[in-house]
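# Residue-level structural notes
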Amino acid sequence: MRIYLDNAATTPLDAEVMKVMYNVMESNYGNPSSIHAHGREARTVVERSRKTIANLLHTSPAEIFFTGSGTEADNTAIRCGIVDNNITHAITTRIEHHAVIHTLEAMQKAGAVKLSFVDVDGKGNVDYTHLEKLLRDNERSLVSLMHANNEIGTLTDIERVGAICEQYNAIFHCDTVQTMGHYPHDLGKLKVHFLVGAAHKFHGPKGVGFLYINHKIKIKPLIYGGSQERNMRGGTENVYGIAGLAKALEIAYAEMDQHREHIQGLKTYMITRLKENIPGIDFNGETDPDKSLYTILNVSFPETEMADMLLFNLDIAGISASGGSACSSGTDIGSHVLTGIGASSTRPSVRFSFSKYNTKEEIDFVIAKVRELFASPTQPSPQDRALNNV
């Protein structure tokens, strides 16, 4: 038996999405830039998908641009947003995704921008007062803050950030890769200039994403080539990937409420069972449902001699998850997120991330295996033996 609890890394492809992609691969194989019938058919698939996404996000199709990944979309927004708008100051946190931090650090190293880091607390919450101070004390800035942290799940109030950015005439880029398809995003109301999505995070295919660019912002392409994506992104479009992205997002929005209830239930159940069964357990990031992404639970386990082997042992037990620990030295390659929130460097952490396909029975199995790994040498109780036989 194998249990997949690494959905923040990537999600299984939805069967309905696969059907749509197969049909496009079989029937719409023309190049969408070609003017003949086969090309026009492929172009129709691309533009119909663009319209579907725009409608779900309450924006114009002209503001949706397809990319090869969320990382490419982040890079485009940050690099081009800074260079093409003469921005010399950028603001982010030390716990953003590497697609954001590494891009901004590279631009700072090249002398293109001065970089400031807004404070976060021990749960990963943004200090909005500090954000406002940074905006007030510097010239026009680009602010890059994610909606939900990909390691600990803590949510940022992006409506509040958007309002603050508007007050100080700042450009707001928001990485919504982890929350796209899990929360509604109304771009008709949200004050954001760039917003990012990646299909494989909501049961779509890998290798395709999109970037929303507010019509008030003008940038040049990151990738030059042909005139694809209205001269904004050279390269032949991934037609069946784009079709899969649109279908996956359509399904996600149609089933969002029921999936959120189901997945939040699993997360809450796992928190309860861990507290009942593992003395000294703790959690990294927020666990309050109103402050935390319901698909992610980052568990801080008690100190153990097998800390370095925890993920390996879970894998051997049939459980796929991810994790790590805070950096303990300048040469230690640990989680920059856990380090950024001041998490203990001696406690092993595991990120369990859920999807609509997970079940309570799977959570029970995980709890049983974790209990085995952290069991004391004393004789197990009948309750322990019953749980281990789940």
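As a reminder, the structure under discussion sits directly above these lines.
Everything numeric here is computed off the predicted structure, so don't read it as measured data.

### Regarding the packing of aromatic side chains
Counted by the stated rule, this structure contains two aromatic pairs. Their ring planes at 15 degrees and their centres at 5.1 Å tell us that Phe-301 and Phe-374 sit as a pair that is stacked. Highlighted residues: Phe-301 in the loop between strand 10 (296-300) and helix 10 (310-316) and Phe-374 in the loop between helix 12 (360-373) and helix 13 (382-388), separated in sequence by 73 residues. With a relative accessible area of 1%, Phe-301 lands in the buried category. Owing to a relative accessible area of 22%, Phe-374 belongs among the partly exposed residues under this scheme. The ring of Phe-117 is capped by Arg-94, whose NZ or CZ atom sits 3.9 Å from the centre of that ring.

### Re the side chain of Thr-103
Relative to the elements of secondary structure, Thr-103 occurs in helix 4 (residues 98-109). Excluding anything up to four places from it in sequence, Thr-103 contacts Asn-75, Ile-78, Arg-79 and His-98.

### Topic: the nonpolar core
Core analysis: the biggest nonpolar cluster contains 48 residues, and Ile-53, Leu-131, Val-143 and Phe-172 have the highest contact counts within it. Only helix 1 (15-27), helix 2 (37-57), strand 2 (64-67), helix 5 (128-137), helix 6 (158-167), strand 6 (171-175), strand 8 (209-213) and helix 8 (239-254) provide two or more residues apiece to this core. With nine residues, helix 8 is the single largest residue contributor to this core. The residues touching Ile-53, leaving out its near neighbours within four places in the chain, are Ile-64, Phe-66, Phe-210, Leu-245, Ala-246 and Leu-249.

### Here's the deal with the pairing of strand 5 (residues 141-144)
Where burial is concerned, the two faces of strand 5 agree: the one with Ser-141 and Val-143 and the one with Leu-142 and Ser-144 are both buried. Two strands pair when backbone bridges link them, and strand 3 (residues 89-92) and strand 5 are joined in this way by three bridges, in the parallel orientation. Of the residues in strand 5, the one forming a bridge with Ala-90 is Leu-142. Across three bridges, strand 5 lies against strand 6 in parallel orientation. Among the inter-strand pairings, Ser-144 is bridged to a residue of strand 6, identified as His-173. Taken together, strand 5, helix 6 and strand 6 form a β-α-β motif whose crossover is right-handed.

### Let's talk about the sheet that holds strand 3
Read across the open sheet, the seven strands follow the order 2-8-7-6-5-3-4; overall the sheet is mixed. Two strands bound the open sheet, and with one partner strand each, they are strand 2 and strand 4 (114-117). The sheet shows a mean angle of 20 degrees between the axes of neighbouring strands, direction not considered. Where strand 2 meets strand 8, four bridges bridge the pair, whose relative direction is antiparallel. Bridging across to strand 8, Phe-66 finds its partner in Phe-210. Helix 3 (residues 70-83) rests against strand 2, strand 3, strand 5, strand 6, strand 7 (194-198) and strand 8 of the sheet, and its axis sits at about 165 degrees to strand 7.

Analysis parameters
Residues numbered from 1 in each chain as written. Predicted model: local features only at pLDDT ≥ 70, side-chain atom pairs only at ≥ 80, totals over all residues. Heavy atoms only, no water. Phe/Tyr/Trp six-rings, centres within 6.5 Å; stacked < 30°, edge-to-face > 60°. Helix = DSSP H or I, 4+ residues; strand = E, 2+ residues; numbered from the N terminus. Buried < 20%, exposed > 50% of the residue type's maximum accessible area, 1.4 Å probe, protein only. Lys NZ or Arg CZ within 6 Å of the ring centre and 35° of its normal. Contact = heavy atoms within 4.5 Å. Core = buried A, V, L, I, M, F, W, Y, C linked by side-chain atoms within 4.5 Å. Pairing = 2+ DSSP bridges. Right-handed = clockwise from strand over helix to strand, strands pointing away. Axes fitted to C-alpha atoms, helices over the stretch in contact; angles between N-to-C directions.

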